[in-house]
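# Architecture at a glance
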Amino acid sequence: MVNSRIAVTGSTGLIGTALVRSLRVDGHDVVRLVRRPARAGDEVEWDPKRGYVDGAGLVGCDAVVHLAGAGVGDHRWTEAYKQEIRDSRVLGTEAIAQAVASLDVPPKVLLSGSAIGYYGDTGDRAVDESAPPGEGFLPSVCVEWEAAAFPAEEAGVRTVFARTGLVVGREGGAWGRLFPLFRAGLGGRLGNGHQYWSFIALHDHIAALRHILDTPSLSGPVNLTGPAPVTNGEVTAAMGRVLRRPTLFAVPAPALRIALGDFAEDVLGSQRVLPRRLLESGFSFAFPGIDASIRAALR
């Protein structure tokens with residue numbers, strides 16, 4: 001896309017901030033959807049809980065990138081917060097998809113966030129986009145989340161679900177919490193450390209989103225993970241190497257369950273997810289390995 005108008009939800013998060021910056025550097029006109037009255041020319045009001053989107057702000061958009069959703073690891077998983085996780089994704093996606101479908105001239109593409117939580121615990125088994133959903137809370141949320149985009153698909157809009165893995169970034173997400181601990185010499189494996197973590201460098205994640213926007217043949221689910229998932233134990237060792245800190249501490253599984261509630265099962269679960277469709281579409285990773293991804297985050 002050249003000099004396009006692109007709408008983005010979740011523009012203040014780790015991924016959204018980096019994406020907006022990347023798009024604007026390349027000359028694209030970016031409008032940000034905000035959950036309050038618009039105060040600037042680049043803002044569009046929306047309220048996902050009420051299902052409201054100021055559709056006039058989407059007129060002329062070539063693409064909509066929908067990244068908004070409550071942070072999975074931001075709070076202990078109480079029943080109330082699990083409902084917030086679900087509603088923020090499903091209701092928000094329904095609102096965006098319906099707004100897109102209602103436009104006289106809809107955008108060419110809706111790129112909607114999703115997660116590798118779709119696959120559940122895969123153990124040592126590698127999976128790609130052809131795998132069915134797993135069992136449990138996050139897989140059920142991801143199924144509903146993706147289904148909520150149906151109005152846009154029905155309207156003929158190319159709809160892509162970016163099933164995101166663990167993004168290696170310094171300023172947010174899981175790694176935003178890990179870096180201070182490891183720098184202080186307090187980092188270590190979680191549980192037995194054998195569980196696979198499907199990571200992706202923030203730089204590669206943004207490049208992959210841009211690649212999807214520019215690749216008309218891509219629709220449906222696309223895994224945004226690096227090509228070589230590693231175990232939590234290997235992540236721990238890599239953090240120690242790159243930061244030159246000891247990694248002697250370990251958090252036993254029972255302690256994680258006390259601290260995190262139901263979310264602990266997902267932290268301790270294993271997801272070995274491969275980006276088959278990205279690779280087949282010609283995407284090239286700048287930071288395919290864990291050490292390189294960590295170093296990229298520290299630049």
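Predicted model, so just to flag it, every value in this text is computed and none were measured.

### What to know about the packing of aromatic side chains
Evaluated as defined, the whole model comprises 3 aromatic pairs. With centroids separated by 5.7 Å and ring planes inclined at 80°, the aromatic side chains of tryptophan 175 and tryptophan 197 adopt a geometry described as edge-to-face. Residue tryptophan 175 is located in helix 5 (residues 173-183), and its partner tryptophan 197 is located in strand 10 (residues 196-197); the two are separated by 22 residues in the primary sequence. When sorted by exposure, tryptophan 175 lands in the same class as tryptophan 197, which is buried. Lysine 82 extends its terminal NZ or CZ atom over the ring of phenylalanine 137, reaching a point 5.1 Å from the ring centre.

### Things to note about the nonpolar core
Counting 29 residues, the largest nonpolar core has Leu111, Leu209 and Leu224 as its most contacted members. Of all the secondary-structure elements, those providing two or more residues to this core are strand 1 (5-9), helix 1 (14-25), strand 5 (63-66), strand 6 (109-115), strand 8 (158-164), helix 6 (202-213) and strand 12 (220-224). Setting aside residues no more than four positions away along its own chain, leucine 111 makes contact with Val64, Val65, His66, Val160, Ala162, Leu209, Ile212 and Leu213. By size, the runner-up hydrophobic cluster in this structure holds 21 residues, among which are Val44, Val64, Ala95 and Val157.

### Describing the sheet that holds strand 3 (residues 43-47)
The 8 strands lie next to each other as 4-3-2-1-5-6-8-12, forming an open sheet whose pairing is mixed. In the strand order of this sheet, the two ends are held by strand 4 (52-53) and strand 12, each with one partner. In this sheet, strand 6 lies alongside strand 5 in parallel orientation, the contact comprising 4 bridges. Following the sheet pairing, alanine 63 is matched in strand 6 by valine 109.

### Focus on the UniProt feature "domain: NAD-dependent epimerase/dehydratase" (unreviewed entry) in the chain
Summarizing the sequence annotation, UniProt attributes the feature "domain: NAD-dependent epimerase/dehydratase" (unreviewed entry) to residues 6-217 in the numbering used throughout. Between the end C-alpha atoms of residues 6-217 there is a gap of 19 Å, over a span that is 35% helix and 21% strand.

### Notes on the packing of helix 1 against helix 6
Two elements in contact, helix 1 and helix 6, have axes whose closest approach is 10 Å; the angle formed by their N-to-C orientations is 60°. One way to sum up the angle between helix 1 and helix 6 is to call them oblique. Relative to helix 6, the crossing made by helix 1 is right-handed. Each of Leu14, Ile15, Ala18, Leu19, Ser22 and Leu23 in helix 1 lies in contact with helix 6, whose residues at this interface are Leu202, His205, Ile206, Leu209 and Arg210. Residues belonging to the contact of helix 1 with helix 6 are distributed by class as follows: 8 nonpolar, 2 polar and 1 charged.

### Here we look at the packing of helix 5 against helix 7 (residues 232-243)
Remark: helix 5 packs on helix 7, axes separated minimally by 10 Å, with the N-to-C direction vectors making an angle of 60°. With respect to each other, helix 5 and helix 7 are oriented oblique. Both helix 5 and helix 7 take part in a crossing whose hand is right-handed. Contact residues: Trp175, Leu178, Phe179, Phe182 and Arg183 in helix 5; Val235, Thr236, Met239 and Leu243 in helix 7. When its residues are assigned to classes, the contact of helix 5 with helix 7 shows 7 nonpolar, 1 polar and 1 charged.

### Remarks on a nonpolar patch on the surface
Judged by side-chain polarity, Leu181, Leu186, Leu248 and Phe249 come together as a nonpolar surface patch covering roughly 440 Å² of accessible area. Assessed through its relative accessible area of 75%, leucine 248 is described here as exposed.

Conventions adopted
- Residues numbered from 1 in each chain as written.
- Predicted model: local features only at pLDDT ≥ 70, side-chain atom pairs only at ≥ 80, totals over all residues.
- Heavy atoms only, no water.
- Phe/Tyr/Trp six-rings, centres within 6.5 Å; stacked < 30°, edge-to-face > 60°.
- Helix = DSSP H or I, 4+ residues; strand = E, 2+ residues; numbered from the N terminus.
- Buried < 20%, exposed > 50% of the residue type's maximum accessible area, 1.4 Å probe, protein only.
- Lys NZ or Arg CZ within 6 Å of the ring centre and 35° of its normal.
- Core = buried A, V, L, I, M, F, W, Y, C linked by side-chain atoms within 4.5 Å.
- Contact = heavy atoms within 4.5 Å.
- Pairing = 2+ DSSP bridges.
- UniProt positions renumbered as here; feature names shortened; annotations may be inferred.
- Axes fitted to C-alpha atoms, helices over the stretch in contact; angles between N-to-C directions.
- Parallel < 35°, antiparallel > 145°, perpendicular 65-115°, else oblique.
- Left-handed = near helix turned anticlockwise from the far one by under 90°.
- Nonpolar A, V, L, I, M, F, W, Y, C, P; charged D, E, K, R; others polar.
- Patch = residues over 30% accessible without salt bridge, like charges linked within 9 Å, V, L, I, M, F, W, Y side chains within 5 Å.
- Areas by Shrake-Rupley, 256 points an atom, 1.4 Å probe, with all protein chains shown as cover.
- Salt bridge = Lys/Arg side-chain N within 4 Å of Asp/Glu carboxyl O.

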